[in-house]
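Take a look at the letters that make up each chain.
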Amino acid sequence: MFQDNPLLAQLKQQIQENLPKKEGTIKATEKGFGFLEVDAKTSFFIPPPQMKKCMHGDKVVAIIRTENDRELAEPQELVEQGVTRFIGRVKRFKGRLNVTPDHPALKKLSLKAKTQKGIKADDLNEGDWVVAHVINHPLKGDNGFLVEISKKITDGDDKIAPWWVTLAQNDLPNSEPTGLESWEIKDDSALERTDLTAMPFVTIDGESTKDMDDALYAKKKDNGDFEVTIAIADPTAYITPEDEMDVVARQRGYTIYLPGRNIPMLPRDLADDVCSLIENELRPALCCSVTVDKDGVIQDDIKFFAATMKSHARLAYQHVSDWLETGSSETWQPTDEIATVVRDLYDFSLARAAWRENNAVVFPDRPDYRFELSDDNDVIAIHADSRRCANRLVEEAMITANICAGRTLKEAFGFGVFNTHAGFKPEKIKDVLELVNPVNEEPIYTDEQITSLEGFAALRRDLGGLDSSYLDNRVRKYQAYSEVGNEPLPHYAMGLDVYATWTSPIRKYGDMVNHRLLKAHITQTEPTQKPDDVLGDELAVHRKHHRMAERTVGDWLYARTLVNEPKNRTEFTAEIFDINRAGMRARLTENGAAVFIPNSLIVSNKERIVSNNENGTVSIDKNLVYRLGDTLKVLLSDVNLETRSIVAKPVEVFAEPAMAPEEKPSSNEV
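Residues numbered from 1 in each chain as written. Predicted model: local features only at pLDDT ≥ 70, side-chain atom pairs only at ≥ 80, totals over all residues. Heavy atoms only, no water.

Per an unreviewed UniProt entry, the protein is named Exoribonuclease 2, and its organism is Vibrio qingdaonensis. As stated in UniProt under Catalytic activity (unreviewed entry), the record for the protein gives "Exonucleolytic cleavage in the 3'- to 5'-direction to yield nucleoside 5'-phosphates." (UniProt positions renumbered as here; feature names shortened; annotations may be inferred.)

Dropping the structure here:
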């Protein structure tokens, strides 16, 4: 009878109104309790009963109570729902339909569910993967949570689940666009194509690549300079800005590359056949010719033009690298003509690489990790593919081509689709200078230096030349993010004054836009398409989701592959790439898997260890033990298939410090 008493309800409301209120974001834990995070330094404990009214990520207003000298948060008002759409697994609770979210902070929830029209609840089995939407929320006045299932993704035991679930999670397509019965060239009649069919272009790609979008040619002159021509596949010859296929390409942004499979941006018949620069097949192409001198400097004779060309040789990275490095290849022997082209391309790439090492920024060589899958989607092996000389040859040609496009678009229009990077975050400049300059000595670097393109590049080169990668890893955390925009701004991270990609139009929508701009430059006409302010943001979002998807599928496959390694006690080498309060994150150099090394597995007494995120260091008993960039030997401690997480521990054990004689307890005390 008391709960229906209006006087008690009024009194309760008055008490609540007089209590302090805080707005913050809910952070859930696996143990049922949570925290209201008000800012980086302020949080309040939320008991399990109160957590039933909210969900991880919700922004709420909560009243703050004090009980037993401890401040507790009680969520009262929903400001912004943290989760609206999620991926989950079907659960049956006493015969009723429920869904458990596939999220580390939400896995303990089992939410009541119903199905959208067209989906039969009886057709859903325990463990099936589904897309669900939160439609009822307790803080909105609803009687508990209720979700609605809008789509079944796949069966619970489907081995292809990592791909389908991850694509659905990021709201990405799981198949290529539908092609046409026939593709017709629709180029402007003003665009004349030069006949380059006699020029011995070569393509160099992976052995399984089908969408070959670049072909290369170089000729070394008597004075040591190089005449370079880069031909790029031309899908904009078949797709105009008014076509529905252009709308589809923009919506996708990029081809999606996931371990073991890709989802093309364009129809496969166009990407893998009609446009692909297949050996001995005539193809329309957009080309760039330029002279690069013997010192690797790009000259001013940049010329873009349309052409009809054909590849004279379809080459593979591995075979070309074998031939260049050893003078022979067991599976490939070039004709004299092709051998000359490949050798001249290689010499050109060495000249350009040397120029970039001395004048720009060169990223350290790291292997690409590749999953080999069986027909039924089991991991057969994980290969660490090193970037060899043929890979670097193609990379230098593409970078050269994109520099040429950036310069041309900047001069011709003052706009385009540019890849940009602003250097260090303005608020982090002081931190960078404190880090890289000697203490109590004349500074080597100044504010003016490291905020200029040349000074930034010089600093990155200096740090890259050190024996340890610690400072370089620290400095990277102070850098801005790369962006895509329509202004010709510098790319600090590459050390380049301008950079606009156009070399992958089969795979990148921004490159298609740049193709159209370059064609307008060639024909001296008004561009048929101008990049608007929204395009860069769209492409950045696409790129973010694609990278998340690639990482998520990789984590899933790593967990499947390494699940037995804890009991096998296999020893791995790990490189530390992040340090936070709880421990270290590292990458296994043998296969690329990311692992977490908690402080509790480094040393048993947490009072002895300090993990400093700001300094990127781990100290034990006030002695420095690990730094960013260090490598260590680890054993896998736990591989969780449900969360797709891998926990590791160092092989080296840090013992408890020996007690001084006067500190040792006497036999009587024992």
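Along its length, the protein carries 16 helices and 31 strands. With the C-alpha coordinates aligned to their principal axes, the bounding extent of the protein is approximately 95 × 75 × 50 Å. A burial count over the protein gives 47% of its 670 residues as buried. A separation of at least 24 residues holds for 66% of the contacts in the protein among residues at least 6 apart in sequence. Across the protein, the 83 positively charged side chains and the 109 negatively charged ones have centroids separated by 6 Å. (Helix = DSSP H or I, 4+ residues; strand = E, 2+ residues; numbered from the N terminus. Buried < 20%, exposed > 50% of the residue type's maximum accessible area, 1.4 Å probe, protein only. Contact = heavy atoms within 4.5 Å. Lys, Arg positive; Asp, Glu negative; His and termini not counted. Charge placed at Lys NZ, Arg CZ, Asp CG, Glu CD.)

Before going further, it helps to examine the side chain of K107. Structurally, the position occupied by K107 is in the loop between β7 (96–101) and β8 (111–115). Look at K107 and you get buried, because its relative accessible area is 18%. In this structure the side chain of K107 is engaged in a polar contact, spanning 3.4 Å, whose partner is the backbone oxygen of E642. Setting aside anything within four residues of it in sequence, one finds K107 in contact with T100, P101, D102, E642 and T643. (Polar contact = N/O pair within 3.5 Å; in protein donor to acceptor, adjacent residues only side chain to side chain.)

This part covers the side chain of H546. By secondary structure assignment, the location of H546 is in helix α14 (residues 533–562). Once you skip the residues sitting within four places of it in the chain, H546 turns out to touch L172, R252, Y254, T255 and I256.

With that settled, the discussion passes to the packing of aromatic side chains. Overall, the coordinates contain twelve aromatic pairs when judged by the stated rule. Here the aromatic rings of F33 and F35 are separated by 5.9 Å at their centres, their planes lie at 90°, and the arrangement is edge-to-face. What makes F33 partly exposed here is its relative accessible area of 23%. Taking relative accessible area as the criterion, F35 reaches 26% and is therefore assigned partly exposed. What links up through ring pairs into an aromatic cluster is the set F33, F35 and F45. The ring of W163 has R261 lying over it, and the distance from NZ or CZ to the ring centre is 4.5 Å. The aromatic ring of F305 is capped on one face by K303, whose charged end is 5.5 Å from the ring centroid. (Phe/Tyr/Trp six-rings, centres within 6.5 Å; stacked < 30°, edge-to-face > 60°. Lys NZ or Arg CZ within 6 Å of the ring centre and 35° of its normal.)

Take the sheet that holds strand β28 (residues 617–620) next. With antiparallel pairing, three strands are arranged side by side in an open sheet as β27-β28-β29. Looking along the sheet, the strands with just one partner apiece sit at the ends: β27 (609–612) and β29 (623–627). Looking at each pair of strands side by side, their axes are set apart by 25° on average, direction ignored. Alignment of β28 against β29, held across four bridges, turns out to be antiparallel. Considered in β29, the bridge of I620 is made with N623. (Pairing = 2+ DSSP bridges. Axes fitted to C-alpha atoms, helices over the stretch in contact; angles between N-to-C directions.)

Next up on the list: the sheet that holds strand β10 (residues 146–154). If you trace the five strands once around the closed barrel, you get β6-β7-β8-β10-β9, paired in mixed fashion. Between one strand and the next, the sheet's axes are offset by a mean angle of 55°, whatever the strand orientation. In the sheet, β8 pairs with β10 via three bridges, with the strands oriented parallel. Looking at β10, one finds that K114 is bridged to E148.

We now examine unusual backbone geometry. It is generally the case that most residues other than glycine have a negative phi and that most peptide bonds are trans. Here R569, not a glycine, exhibits a phi torsion of approximately 55°, which is positive. Within the chain, D621 stands out as a residue other than glycine whose phi angle is a positive 55°. If you trace the backbone, D621 turns up in the loop between β28 and β29. The class for D621 is partly exposed, based on a relative accessible area of 32%.

Quick look at the environment of L535 now. For L535, the location among the structural elements is in helix α14. When the C-alpha positions of L535 and G510 are compared, they lie 8.2 Å apart, and in sequence the two are 25 residues distant. Not counting residues within four places of it along the chain, the set of residues in contact with L535 comprises R250, V417, Y509 and V513.

When the UniProt feature table is mapped onto this chain, "domain: Cold-shock" (unreviewed entry) is found at residues 23–79. Secondary structure within residues 23–79 divides into 7% helix and 58% strand; the distance between the first and last C-alpha atoms comes to 8 Å.

What follows is about a negative patch on the surface. On the surface, E227, D300, D301 and E411 cluster together to form a negatively charged patch. In this fold, E411 is placed in helix α8 (residues 389–412). Owing to a relative accessible area of 71%, E411 belongs among the exposed residues under this scheme. (Patch = residues over 30% accessible without salt bridge, like charges linked within 9 Å, V, L, I, M, F, W, Y side chains within 5 Å. Areas by Shrake-Rupley, 256 points an atom, 1.4 Å probe, with all protein chains shown as cover. Salt bridge = Lys/Arg side-chain N within 4 Å of Asp/Glu carboxyl O.)

Taken as a whole and assessed by the stated rule, the structure comprises 37 salt bridges. Among the ionic pairs, E395 bridges to R387, the shortest N-O distance being 2.7 Å. Judged by relative accessible area, which is 31%, E395 ranks as partly exposed. In this structure, R608 and D621 form a salt bridge, with 2.7 Å as the shortest nitrogen-oxygen distance. Highlighted residues: R608 in the loop between α16 (599–602) and β27 and D621 in the loop between β28 and β29, separated in sequence by 13 residues. For R608, a relative accessible area of 10% corresponds to the buried category. Here the salt bridges share partners, and the residues they tie into one network are R356, D365, R387, R392, E395 and E396.

Angle between the axes and distance between the axes: these two values describe a pair of packed helices. With their axes 9 Å apart at the nearest point, helix α7 (residues 336–359) and α8 run at an angle of 70° to one another. Relative to α8, α7 is oriented roughly perpendicular. Read as a crossing pair, α7 and α8 show a hand that is left-handed. Where α7 abuts α8, its residues V342, L345, Y346, F348, S349, R352, A353 and R356 lie against C389, R392, L393, E395, E396, A397, I399, T400 and I403. Across the contact of α7 with α8, the residue classes break down as ten nonpolar, two polar and five charged. (Parallel < 35°, antiparallel > 145°, perpendicular 65-115°, else oblique. Left-handed = near helix turned anticlockwise from the far one by under 90°. Nonpolar A, V, L, I, M, F, W, Y, C, P; charged D, E, K, R; others polar.)

Attention now goes to the nonpolar core. Formed by 84 residues in total, the largest nonpolar core has its most connected members in L315 and W502. A total of twelve residues in this core trace back to one element, the largest contributor, which is α8. Membership of the second largest hydrophobic core comes to 40 residues, among which are A549, I579, M584 and L632. (Core = buried A, V, L, I, M, F, W, Y, C linked by side-chain atoms within 4.5 Å.)

The next point concerns the UniProt feature "domain: RNB" (unreviewed entry) in the protein. The sites that UniProt annotates as "domain: RNB" (unreviewed entry) are residues 193–524. Helix and strand shares over residues 193–524 are 36% and 21% respectively, and the end C-alpha atoms of the span are 15 Å apart.

On to helix α3 (residues 161–169), then. Within α3, seven of the nine residues are buried, which leaves it mostly tucked inside the rest of the structure. Within the span of α3, buried status applies to A161, P162, W163, V165, T166, L167 and A168. Two residues or fewer past α3, D171 is found with a positive phi of approximately 55°.

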